[in-house]
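Observations on chain architecture
So you can see what is in the structure, the chains are spelled out below.
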Amino acid sequence: MDCPGSTSDTKMQTTAAILEKTQKHPCYSFDAHQKFARMHLPVAPYCNISCNYCNRKFDCVNESRPGVTSEILTPQAAKKKFDRVSEKVGELSVVGIAGPGDALADWENTRQTIGLIRKENPQIVFCLSTNGLLLPEYAQEIVELGVTHVTVTVNCLDPAIGAKIYKHIHYKGRHYGGEAGVKILIENQLAGIQKLTSQGIIVKINIVMLKGINDHHIPEVVKKMKELGIYITNIMPLIPAPGSVFENFPQTTMKDVNEMRNSCELDVMQMRHCKQCRADAIGLLGEDRSQEFRDHDESLTVFQRVM
Ligand code: CLF
Ligand code: SF4
């Protein structure tokens, strides 16, 4: 039997605390979404993969709606912005890093930003979204940093399907195209998710539903995610981004998305209130206040977005 203060005891307490935080997370809890606000800090401009539904002029489509671009902030500017916003948005419960690229491809910025804010605001729920390529590398640091909620976009488990969704990945200094790249991506996503869930982190899986490409395969993805202990899946429609490979691909209808959610709900809880918000969104999910807080201090803002 474990004595009080042993590792497993501490982990149980952590899990209970994280579950409590989940009740205040507007994306993970339907009941919370009209009461609690989130704030995205756009500190991560880079990305290390190339999704065919992405146009890099816009925010990461895995976690946002194409067609809206964000400012990019340094960690110091992000902290200043958090201070301003938290004074005015009383119901603010979550700080999320959702790009506009990938939160882990820009780990140093993501890490510093969360560290700066958390030092003075331990009650805030910290959240990030990623394509998962670097999750095995950073999962431990994510846990130690105090991030409790992580979203990973997993569109497929089969490299042959993935080769129709991703052009290439950039990993450990090399480019990998086609199935070779997707294989690495999928392996890292699965290993990374496992590392997070085994430490009590609450994981949400985003899946972009692409008619005729991965739609038939989504139930299998959801079952695998269930096995890995994830909390919720968010099946999202493809909204074709102008300038992306899929710009002329048909938009997935909400009827198809909802039918898919209904059938997958038998395995895993489904998110149905996602607003596909921008990488600098602020406020309740249905009420974006980002314009009100746009940072005009250009000395603290980096206007750069690369691969
Ligand atoms: Fe942001 Fe994403 Fe965290 Fe929410 S959004 S990083 S989990 S705090 Fe929420 Fe916005 Fe949908 Fe994302 S409504 S796009 S699911
Ligand atoms: Fe674009 Fe990268 Fe997001 Fe894919 S993961 S949608 S390439 S920013």
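Further up the page is the structure itself.
Our subject in this report is the structure included herewith. (Residues numbered from 1 in each chain as written. Chains lettered and ligands numbered in written order. Predicted model: local features only at pLDDT ≥ 70, side-chain atom pairs only at ≥ 80, totals over all residues. Heavy atoms only, no water.)

Inspection of the region around ligand 1 gives 17 residues, with Cys 27, His 40, Glu 63, Cys 127 and Cys 277 positioned closest. Class assignment of the residues belonging to the shell around ligand 1 gives a composition of nine nonpolar, four polar and four charged. (Near = heavy atom within 4 Å. Nonpolar A, V, L, I, M, F, W, Y, C, P; charged D, E, K, R; others polar.)

Judged by nonpolar contacts, the single largest core of 76 residues is most densely connected at Leu 41, Tyr 53, Leu 128, Ile 142, Ile 193 and Ile 205. A per-element tally of this core places helix α6 (residues 178–197) first, with six residues. Ignoring sequence-local partners within four residues, the contact set of Tyr 53 consists of Val 61, Asn 62, Thr 153, Asn 155, Ile 165, Val 208, Leu 210, Leu 238, Ala 241, Ser 244 and Phe 246. In this structure, Ile 18, Cys 27, Val 125 and Leu 285 belong to the second largest nonpolar core, which totals 10 residues. (Core = buried A, V, L, I, M, F, W, Y, C linked by side-chain atoms within 4.5 Å. Buried < 20%, exposed > 50% of the residue type's maximum accessible area, 1.4 Å probe, protein only. Helix = DSSP H or I, 4+ residues; strand = E, 2+ residues; numbered from the N terminus. Contact = heavy atoms within 4.5 Å.)

Direction vectors running N to C along helix α4 (residues 135–145) and α6 enclose 20°, while the axes themselves pass 8 Å from each other. Here α4 is positioned roughly parallel relative to α6, judged by the angle of their axes. The way α4 lies across α6 gives a crossing that is right-handed. Residues Leu 135, Pro 136, Ala 139, Ile 142 and Val 143 of α4 touch α6, and the partners they reach there are Asn 188, Ala 191, Gly 192, Ile 193, Lys 195 and Leu 196. (Axes fitted to C-alpha atoms, helices over the stretch in contact; angles between N-to-C directions. Parallel < 35°, antiparallel > 145°, perpendicular 65-115°, else oblique. Left-handed = near helix turned anticlockwise from the far one by under 90°.)

Attention shifts here to the sheet that holds strand β9 (residues 232–237). Taken in spatial order, the seven strands make up an open sheet running β9-β8-β5-β4-β3-β1-β10, and their pairing is mixed. A strand with exactly one partner marks an edge of an open sheet, and here the two such strands are β9 and β10 (282–283). Examined bridge by bridge, strand β1 (residues 37–40) and β10 share two bridges and lie antiparallel to one another. Across the sheet, the residue bridging to Arg 38 is Gly 283, located in β10. Against the sheet, helix α3 (residues 107–120) touches β3 (92–97), β4 (125–130) and β5 (147–153), its axis set at about 170° to β4. (Pairing = 2+ DSSP bridges.)

This part covers the site of ligand 2. Within the structure, ligand 2 sits among 12 residues, and Cys 47, Cys 51, Cys 54, Cys 60 and Asn 62 are positioned closest to it. Each residue belonging to the shell around ligand 2 can be placed in one class, and the counts come to eight nonpolar, three polar and one charged.

So, about helix α8 (residues 254–264). Buried residues of α8: Asp 256, Val 257, Met 260, Arg 261 and Cys 264, and no others. Across the axial projection of α8, the buried residues extend over an arc of 135°, all falling on one side. Looking at the buried residues of α8, the elements they touch are β8 (202–209), α7 (218–227) and β9. (Arc of directions from axis to C-beta.)

This part covers the sheet that holds strand β2 (residues 49–51). Read from one edge of the open sheet, three strands run β2-β6-β7, paired in antiparallel fashion. Where the open sheet ends on each side, the last strands, each with one partner, are β2 and β7 (174–177). With strand direction ignored, the average angle separating the axes of adjacent strands in the sheet is 20°. As paired elements, β2 and strand β6 (residues 166–171) share two bridges and run antiparallel to each other. Bridged to Ile 49 within β6 is Ile 169.

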